[in-house]
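Each chain, written out:
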Amino acid sequence: MKVIYPGSFDPVTNGHIDIIKRASVNFEEIVVAILDNKSKSPLFTLEERISMLKDATSEFENVTIDSFSGLLVDYVEAMDTNTVLRGLRAISDYESEMRNALANKSLNNNIETLFMVSKAEYTFLSSSVVKEIAGFNGDVSNMVPESVSVKLKNKFR
Ligand code: ADP
């Protein structure tokens, strides 16, 4: 089965990598799809996010990195699959994930959203927490892949 793992990945964290790694065992093909959302202003450009994700997932042979804009359901269909993968950390994720999954289902009834539960040690971890800590020169080296840690240091220098 081919699954699309969509998100902002601004930047990718060890929590994302854990989901990708576990999914690479359970699914034949994983496409990590970075949302190119013009209305959000990300810390990292789309090109930077693509490069960091490629770097961090190079060991997984069935994982590819792509980007999309517009409706997720249209992208998923164009990629010849019907399955979206999302990570679930805490109850706080549940409400918005449920809303998105139901909205996608109402747009295209063929789309299925699967959830993979975060590892306990990553339930607190998010791209925004990482950016906040890095912004105050805090150490994020155990929260993100090495190349992301270096890029964050350069951004906030
Ligand atoms: P979005 O803005 O679409 O939520 P994110 O990059 O924040 O994009 O997250 C992409 C996906 O990864 C989401 O399904 C999110 O729940 C999941 N995710 C984020 N952080 C973690 C984590 N620490 N552990 C597991 N899943 C996570």
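Relevant structure appears above.
Our subject in this report is the structure included herewith. (Residues numbered from 1 in each chain as written. Predicted model: local features only at pLDDT ≥ 70, side-chain atom pairs only at ≥ 80, totals over all residues. Heavy atoms only, no water.)

Digging into the overall build of the protein chain
Turning to step 1, where the next piece is worked out: Along the backbone of the protein chain there are six helices and five strands.
Turning to step 2, where the next piece is worked out: Taken over the C-alpha atoms alone, the protein chain extends approximately 45 × 35 × 30 Å along its principal axes.
Turning to step 3, where the next piece is worked out: Out of the 157 residues in the protein chain, the part that is buried amounts to 44%.
Turning to step 4, where the next piece is worked out: In the protein chain, of all internal contacts separated by at least 6 residues, the share reaching a separation of at least 24 is 76%.
Turning to step 5, where the next piece is worked out: As displayed, the protein chain has an accessible area near 8,800 Å², and 51% of this comes from carbon and sulfur atoms.
Turning to step 6, where the next piece is worked out: Across the protein chain, the 17 positively charged side chains and the 22 negatively charged ones have centroids separated by 5 Å. (Helix = DSSP H or I, 4+ residues; strand = E, 2+ residues; numbered from the N terminus. Buried < 20%, exposed > 50% of the residue type's maximum accessible area, 1.4 Å probe, protein only. Contact = heavy atoms within 4.5 Å. Areas by Shrake-Rupley, 256 points an atom, 1.4 Å probe, with all protein chains shown as cover. Lys, Arg positive; Asp, Glu negative; His and termini not counted. Charge placed at Lys NZ, Arg CZ, Asp CG, Glu CD.)

Considering the layout of surface pockets
Picture a little ball the size of a water molecule; that probe, rolled over the atoms, points out where space is still empty.
Turning to step 1, where the next piece is worked out: The space that makes up the largest pocket amounts to roughly 1,100 Å³.
Turning to step 2, where the next piece is worked out: For the largest pocket, the lining is made up of 43 residues, of which P6, G7, S8, R86 and E97 are closest to its centre.
Turning to step 3, where the next piece is worked out: For the lining of the largest pocket, the secondary structure elements donating two or more residues are β1 (2–7), α1 (14–26), β4 (83–88), α4 (91–107), β5 (112–117) and α5 (127–135).
Turning to step 4, where the next piece is worked out: The greatest single-element share of the lining of the largest pocket, amounting to seven residues, is contributed by α4.
Turning to step 5, where the next piece is worked out: Among the residues forming the lining of the largest pocket, the class breakdown is 16 nonpolar, 17 polar and 10 charged.
Turning to step 6, where the next piece is worked out: What the second largest pocket holds in volume is close to 170 Å³.
Turning to step 7, where the next piece is worked out: When residues in the lining of the second largest pocket are grouped by element, the largest group, four residues, is from α1. (1 Å grid on protein atoms, 1.4 Å probe; cavity = no way out; pocket = protein on both sides within 12 Å on 5 of 7 lines; lining within 4 Å. Points joined across faces, edges and corners; volume = space filled by probe spheres on them. Nonpolar A, V, L, I, M, F, W, Y, C, P; charged D, E, K, R; others polar.)

Topic: α5
Turning to step 1, where the next piece is worked out: Looking only at α5, the buried set comprises S127, V130 and A134. Looking straight down α5, one finds that the buried residues subtend no more than 60° of arc, so they occupy a single side.
Turning to step 2, where the next piece is worked out: Of the surrounding secondary structure, the elements contacted by the buried residues of α5 are α1 and α6 (146–156).
Turning to step 3, where the next piece is worked out: N137 sits one or two positions beyond α5 and adopts a positive phi of about 60°. (Arc of directions from axis to C-beta.)

Focus on the packing of aromatic side chains
Turning to step 1, where the next piece is worked out: Inspection of the entire model under this criterion finds two aromatic pairs.
Turning to step 2, where the next piece is worked out: Ring centres 5.3 Å apart and planes at 75° place the aromatic pair Y5 and F9 in the edge-to-face group. Taken individually, Y5 and F9 each receive the classification buried, so the pair is uniform in this respect.
Turning to step 3, where the next piece is worked out: Between F68 and Y75 the ring centres are 4.8 Å apart and the planes differ by 20°, which places this aromatic pair in the stacked class. (Phe/Tyr/Trp six-rings, centres within 6.5 Å; stacked < 30°, edge-to-face > 60°.)

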